[in-house]
Every structure is written in C-alpha cells, then in structure tokens.
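Results of the structural survey
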Amino acid sequence: KKIEAESRKMLLKKTKKMPLYETQTLKIYNSLSGEKETFKPIHEGNVGMYVCGPTVYSNVHLGNVRTFMSFDVIFRYFLHLDYKTRYVRNITDVGHIVDDVDEGEDKIAKKARLEQLEPMEVVQRYTVDFHEILNAFNFLPPSIEPTATGHIIEQIEIIKTIIDKGIGYEANGSVYFDVVKFNKTNHYGRLSGRNIEDMLANTRDLDGQSDKRNPQDFALWKKAEPQHIMRWPSPWSDGFPGWHLECTAMSTKYLGNHFDIHGGGMDLKFPHHECEIAQNEACTGQTPVNYWMHANMLTLNGKKMAKSTGNNILPREILTGDNTILSKAFSASVARFFMLQAHYRSILDFSDDAIVAAEKGYKRLMEAMNLLKQITVNTKSTIDVQAWQQSCYDAMNDDFNTPILIAQLFEGVKYINLLNDGKEALSAADLQLFTKAMNAFIFDVLGLEDEKESDSNNDKLEGTVNMLIEMRKQARDNKNFALSDQIRDQLITLGIQLKDGKEGTTFSVQ
Ligand code: AMP
Ligand code: ZN
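First, a word on scope: everything that follows refers to the structure included in this document. Note that the structure is a prediction, hence the values are computed from the model and not measured. (Residues numbered from 1 in each chain as written. Chains lettered and ligands numbered in written order. Predicted model: local features only at pLDDT ≥ 70, side-chain atom pairs only at ≥ 80, totals over all residues. Heavy atoms only, no water.)

1. Regarding the nonpolar core
Just so we agree on the cut-off: For our purposes a nonpolar core is just a set of buried Ala, Val, Leu, Ile, Met, Phe, Trp, Tyr and Cys residues, chained together by side-chain atoms within 4.5 Å. Classification of residues uses two cut-offs on accessible area relative to the type maximum, computed with a 1.4 Å probe and protein chains only: under 20% is buried, over 50% is exposed, and between them is partly exposed. In this description a helix means any DSSP run of H or I spanning at least four residues, a strand means any run of E spanning at least two, and both kinds are numbered starting from the N terminus. By the convention used here, residues are in contact when the closest approach between their heavy atoms is within 4.5 Å.
Within the largest apolar cluster, 115 residues are counted, with the highest numbers of intra-cluster contacts made by Phe 78, Phe 350, Phe 400 and Leu 409. Broken down by element, this core gets its largest block of residues, ten residues, from helix H2 (residues 62–80). Not counting chain neighbours up to four residues away, the residues in contact with Phe 400 comprise Leu 26, Ile 28, Ile 74, Tyr 77, Phe 78, Met 293, His 343, Tyr 344 and Ala 395. Core analysis: the next-biggest nonpolar cluster, separate from the first, contains 23 residues, Ile 159, Ile 162, Trp 221 and Cys 275 among them.

Here it is, written out as structure tokens:
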C-alpha cells in the first residue's frame, strides 16, 4: 500500500503542470527604491497584496476606479501566473478626517450630520454603491475586504505597543506618534523622499491649540467630542482610531508583519503610507512591505479628479452618457480599455475624444476575436506564435505595462486578418495556442468583456418575449383570458411591461 501511495504521489507530481510564474521574470517598480526590481515573493508561489480601499462617504469617481482597476489587473496577472494570491482591500469607514489632517471632522461623521443619517447608514450606502460600480466594471472581488470599524481592538493593541516602545504619547485622551523620536533610530520620509529637518523647517509652529509635541506627529487615537457618534472605549478615552493606523492593523492581521506588496494611489504616499511604515517599524522593528506600488492619477481638464473639488466624472455617468463632457454613453469595457491604454504609473487625462478613440480600438479587438473563431487550420504555421505570446508576457512582466500588451494584442489582430485572407497560416496546435493566449490576455488579465455576448442575450430576450406575445394573442383569440392575463402579469413581475397598440403589442424592460 505504501508503495502504491508513493507512486501515486510521483505520478501526481509529474502530471502537475508547472506554475507559470516559474517560466516568467516579473519586474515591479518599487516606489521605495525608485527602481524596477525582480519580483520575489516572501513565500514561494504565494503573493500577499494590500491596497488601500475607499473612504465610503460619497460615490467613488472615475479617478478612484482607475486606481482600483490598476490593482485589479495586477491581481489578475498574479492569478494568471498561478500565484496563490491573497488580495486585501479595506473599506475605510471611520477615522479619515476632512482634508486628510488630524484636527477636524471625520469625513463619514460630517456626511452623516449633513444628511441627517446614522454614520453607518452613510457607510452602508456608499459601500453598496462601490460594490455595484466595481461589479459593473468587471472587477474581481478581493480575497478579504476588512473594515476599519471591524478592527478597533487590533488597532488599540498596536497603539499600546507603540506607547510601550516609547514612540507614542498620550495627551488629553488622544494618542500621537512621536515622529521626531522615531526618526532618531529610523528614517521617517524614506518612501516619499523627505527628511524630517526640512519638514520641520517648512511647517508653522503649533499654535498652542494642539496637543502634539511636533507638527509632524500624527494621531493614533483621537478622543471623541461629546457630540461625536462614532466612538469606542479605549484605555485613553472614548474615541476613534487614526486613519493611518487602520491600514497597519488590517494589512498585518491578514498578511503578517512582513508582506509582499502594498499599493494605493500616488496621493497616498505621503503622509498615509509614510505613517504606515513608521507605525509598523515602531511596533515590530521591521519594515512591513517589500514592494510599494503607487498608481497615478486620472485627470480631467488637466486637473486631478477629486471628490472635494467637484472636478470629476462618476462611473455611472460613463454608462449613461449623462454628463455634459460626454457625447454619448460608453460601455464599461470601453472605459476599462481606455484606462488600460495608459501605464498605471502615468497620468491619464480623461476626454470625450480619447474615450471615443478607445471605443474604436476596443471594437476592432472584439471583431477580430469573433473572426478568430472562423479561422481554419493548416498543416504548417507561418507565424511564430510562441515568440508573439512571449512578447505579451514581456509587456506584463515589465511592471505591468498594459499599453505595450495592448499593442501586442493588435499585432495579434493583424495576424487574424492575414490568416483570414489566407496570407498567413497556423497549424492546429499553434491556432489553439494563439486563441488561448488572446483570450487569456484580453479577458482574464485585462478583464475586458465581449459586449456582443450581452447583445446576443438581448436578442434572446427579445425573441422569447415576442414568442410570449404571440402566445398571448392566440390565447386571447381562443378567449382563454385566464392564460393571456397570466402571461401579462407574470411578465410584469419579471419587470417586463407589455403595451398593446394599433401596430400590435410591444414591450419595455424596467
Ligand atoms: P479615497 O476614497 O479618497 O481614500 O481614495 C481611494 C483611492 O483612489 C486612493 O487610492 C486614492 O489615491 C485614489 N484616487 C483618488 N483620486 C484619484 C484620481 N484622480 N485618480 C486616480 N486615483 C485617485
Ligand atoms: Zn491605507
């Protein structure tokens, strides 16, 4: 029996396919070193990635979607390379103060006050909206989506440790991180390329209103004002945790004190990520993250899209065309294609012209994919499919260069047209390899969808309802009104309304 089990194991090993990551060398631009580095995960075959999620006090705008999409594609590529990937993206539902500072109102509490809602109603509303948008734009859900309010205990524990290490101090029920003290043994500002002396020289002195020892210190815990609803008990006061702390708590809880990748938008580098590093180093003595990744901004009229300035487009407006900037509606895949035509570290400016052009490109790609289904095989190949496929990998291996990948996919489109014209030929094995690679990169890695499929579903719906309309007419002609009413009423419960007119019966879908 033992021998049998051994040989079965051997066989399993032999038949188990070699993971793709063993055949590719991925390079990632690390914001910490300012260089592209060969990616080597801490645990072979596994990737741990944390990305700062949205602050759920209003609808996400298209700029936010771009950053999350950059990491969606990165997540997709890790999965494609056969890495076992744990992707943690949080929901910030407390602690993010207006203007990203320490003094003032919590963004969610402010919205709740203005709209006369419970803070958790605000959180629920915009979390649901966030999920709906990401679904519509074909995002993969992260492996874990923790909330800041769900991790208050963990945050309090970290504060206790930072105080024990002498780097945190309490003042009037709030707790602050002593940046100057931390900087004596560590380097505060390493990620954003700053140094504490410059920072101290360039900031105004504290005006006596603040409990901080130095203006660079940041809040780990804030004592809540009497009217503040979002509050939790702690050893220092009834209050709430600081924004930077929540990401330290949630990332280390699910990925460990030392993990592979931490991402977010470029604007989070300082102070948010700098403070995260400081908290981790103060707490554990080790730097938390091997590769820091920052996605660049989506701009509109050359200015950063932002919730606070109103200079933004909502993702839903893209789908409905309901914004004066837009000449018409665009599908989610077109918006995805538009964004992925730029590298994630480049600034991308949104304009109607640019997305109209992207739509043309996207359609050309989808048309070619449909044509590909009709290509017939030959005995010999005239195209080196392996080399072309590797060029697609090379693009993604070069710090997830999606614009270069898209250019390679258009090389593929060129091949499809030549194959269709009989000017190039592929063997059965090569055609299979080529088709598989085109599908994998377009649909699995870039996350595009063929909207023809939804068009064809619409055709099916129309055909089915027209058939029911005809059956209802026959029932009526036979004076079987029970059946004709049943058809009409059941369609209503499905959100399909029949309208009888002179020209016959039509329908609308709610
Ligand atoms: P927030 O909800 O404000 O914390 O932002 C969520 C994410 O969107 C963060 O990673 C931000 O860096 C990112 N972000 C904010 N504005 C833009 C923008 N205009 N373009 C791209 N990403 C953005
Ligand atoms: Zn964060």
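2. Observations regarding the packing of aromatic side chains
Spelled out, the test is: In summary, the pairing rule links any two rings of Phe, Tyr or Trp, Trp by its six-membered ring, whose centres are within 6.5 Å, and it sorts them by plane angle into stacked for under 30 degrees, edge-to-face for over 60 and tilted for everything else. The criterion for a charge sitting over a ring is simple: Lys NZ or Arg CZ within 6 Å of the ring centre, and within 35 degrees of the ring normal.
Inspection of the entire model under this criterion finds 20 aromatic pairs. The interplanar angle of 35° and the centroid separation of 5.9 Å between the aromatic rings of Tyr 169 and Tyr 176 together place this pair among those described as tilted. Here the two residues Tyr 169 and Tyr 176 agree in accessibility, since each one is buried. Grouped by ring-pair contacts, the aromatic residues Tyr 21, Phe 39, Tyr 77, Phe 78, Tyr 83, Tyr 291 and Phe 400 constitute a single cluster. The ring of Phe 68 carries the charged tip of Arg 89 above its face, separated from the ring centre by 5.7 Å. Above the plane of the ring of Phe 270 lies Arg 194, whose end atom (NZ or CZ) is 3.7 Å from the centre.

3. Section: the side chain of Gln 279
Which entries qualify depends on this criterion: Here a polar contact is taken to be a pair of N or O atoms separated by no more than 3.5 Å, where protein atoms must pair a possible hydrogen donor with a possible acceptor and residues adjacent in sequence count only if both atoms sit in side chains.
Relative to the helices and strands, Gln 279 resides in helix H9 (residues 269–284). A polar side-chain atom of Gln 279 sits 3.4 Å from the main-chain amide nitrogen of Leu 245.

4. With respect to the pattern of salt bridges
Here is the rule: Salt bridge, as applied in this entry: a Lys or Arg side-chain nitrogen positioned within 4 Å of an Asp or Glu carboxyl oxygen.
Overall, the coordinates contain 22 salt bridges when judged by the stated rule. The partner of Asp 82 in a salt bridge is Lys 17, and the shortest N-O contact between them spans 3.4 Å. Taken together, the residues Asp 82 in the loop between H2 and strand E4 (84–89) and Lys 17 in the loop between helix H1 (2–15) and strand E1 (27–30) connect sequence positions 65 residues apart. Taking the relative accessible area as the measure of exposure, Asp 82 reaches 30% and is therefore partly exposed. Residue Lys 17 is classed as exposed on the basis of its relative accessible area, which comes to 59%. The network of salt bridges with shared partners includes Asp 72, Arg 76 and Arg 336.

5. Some thoughts on the site of ligand 1
Quick note on the threshold: Any residue with a non-hydrogen atom lying within 4 Å of a molecule or strand is treated as near it. Here the open area of atoms and residues is found with the Shrake-Rupley method and a 1.4 Å probe, where only the protein chains shown may cover a residue. Each residue receives one of three labels: charged for Asp, Glu, Lys and Arg, nonpolar for Ala, Val, Leu, Ile, Met, Phe, Trp, Tyr, Cys and Pro, and polar for the others, Gly being one of them.
In the region of ligand 1, 18 residues are neighbours, and Gly 63, Thr 67, Asp 267, Leu 298 and Met 305 sit closest. Within the backbone of Gly 63, an N or O atom sits 3.0 Å from a nitrogen atom of ligand 1. Note that an oxygen atom of ligand 1 is positioned 2.3 Å from one of the side-chain N or O atoms of Asp 267. Protein contacts shield 94% of the accessible area of ligand 1, which totals 490 Å² for the unbound molecule. Taken together, the elements giving at least two residues each to the shell around ligand 1 come down to H2 and strand E9 (259–265). With four residues, H2 is the single largest residue contributor to the shell around ligand 1. Its residues placed into classes, the shell around ligand 1 shows six nonpolar, nine polar and three charged.

6. Some words on the side chain of Gln 155
By the element assignment, Gln 155 lies in helix H5 (residues 152–164). The class of Gln 155 is buried, set by a relative accessible area of 0%.

The quantities given are spatial measurements derived from coordinates; they are silent on function.
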